[in-house]
Amino acid sequence: MNSLFDIVLDAIDVDLPRTFQQQRLAFFRKEGPLFSPLRSVLIAFAGFRPDIGYVQGMGFLAGMLLLQVESEAAVFTAFANLMLSPLLSAFYTLQQ
């Protein structure tokens, strides 16, 4: 039986190839330079806040941050702060 964290990892791995897939610059493809950092940021957030975990679409927000900021740690911090803001937190936890 898969643990909840294994399910989250599977969801991230399914969603990542679709992140910015229409772009000609394939930063987020498996062989791209930002694939591993994006995956790491999303996994770290899912572990940091297991009550939120991973929701499809989070990769786009984290990806936009990675395009602007070099440090994964800085991206994680910014991403976590954004995700924990009242509006985004309610949106991604599906609370009305």
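Please read these numbers as outputs of a predicted model, since none were measured by experiment. (Residues numbered from 1 in each chain as written. Predicted model: local features only at pLDDT ≥ 70, side-chain atom pairs only at ≥ 80, totals over all residues. Heavy atoms only, no water.)

(A) Summary view of the pattern of salt bridges. Taken as a whole and judged by the stated rule, the model has two salt bridges. Between Asp-13 and Arg-39 there is a salt bridge, with its nearest N and O atoms 2.7 Å apart. You can see Asp-13 sitting in helix α1 (residues 4–15) and its partner Arg-39 sitting in helix α2 (residues 35–48), a full 26 residues away along the chain. Of the residues examined, Arg-39 reaches a relative accessible area of 27% and is grouped as partly exposed. For Arg-49, the salt bridge is made with Asp-51, and the minimal N-O distance between the two is 2.6 Å. The partly exposed category is assigned to Arg-49, whose relative accessible area is 26%. (Salt bridge = Lys/Arg side-chain N within 4 Å of Asp/Glu carboxyl O. Helix = DSSP H or I, 4+ residues; strand = E, 2+ residues; numbered from the N terminus. Buried < 20%, exposed > 50% of the residue type's maximum accessible area, 1.4 Å probe, protein only.)

(B) Structural detail: the side chain of Asp-15. Along the chain, Asp-15 falls in helix α1. Accessibility expressed as a relative area gives 4% for Asp-15, which makes it buried. A polar side-chain atom of Asp-15 sits 2.2 Å from a polar atom in the side chain of Tyr-54. The residues contacting Asp-15, other than those within four sequence positions of it, are Tyr-54, Gln-56 and Gly-57. (Polar contact = N/O pair within 3.5 Å; in protein donor to acceptor, adjacent residues only side chain to side chain. Contact = heavy atoms within 4.5 Å.)

(C) Molecular detail of the confidence of the model for the protein. On average, the protein scores 86 in pLDDT, and the residues at 70 or more come to 92%. Within the protein, helix α4 (residues 72–83) carries the highest mean pLDDT (96), whereas helix α5 (residues 86–92) carries the lowest (78). (pLDDT = per-residue confidence, 0-100.)

(D) View of the packing of aromatic side chains. Evaluation of the coordinates by the stated rule reveals three aromatic pairs. A ring pair is formed by Phe-45 and Phe-79, whose centres lie 5.2 Å apart and whose planes are at 80°; its orientation type is edge-to-face. With Phe-45 in helix α2 and Phe-79 in helix α4, this residue pair connects regions lying 34 residues apart in the sequence. Just as Phe-45 is buried, Phe-79 falls in that class too. Ring pairs connect the aromatic residues Phe-45, Phe-48, Phe-76 and Phe-79, which therefore count as one cluster. (Phe/Tyr/Trp six-rings, centres within 6.5 Å; stacked < 30°, edge-to-face > 60°.)

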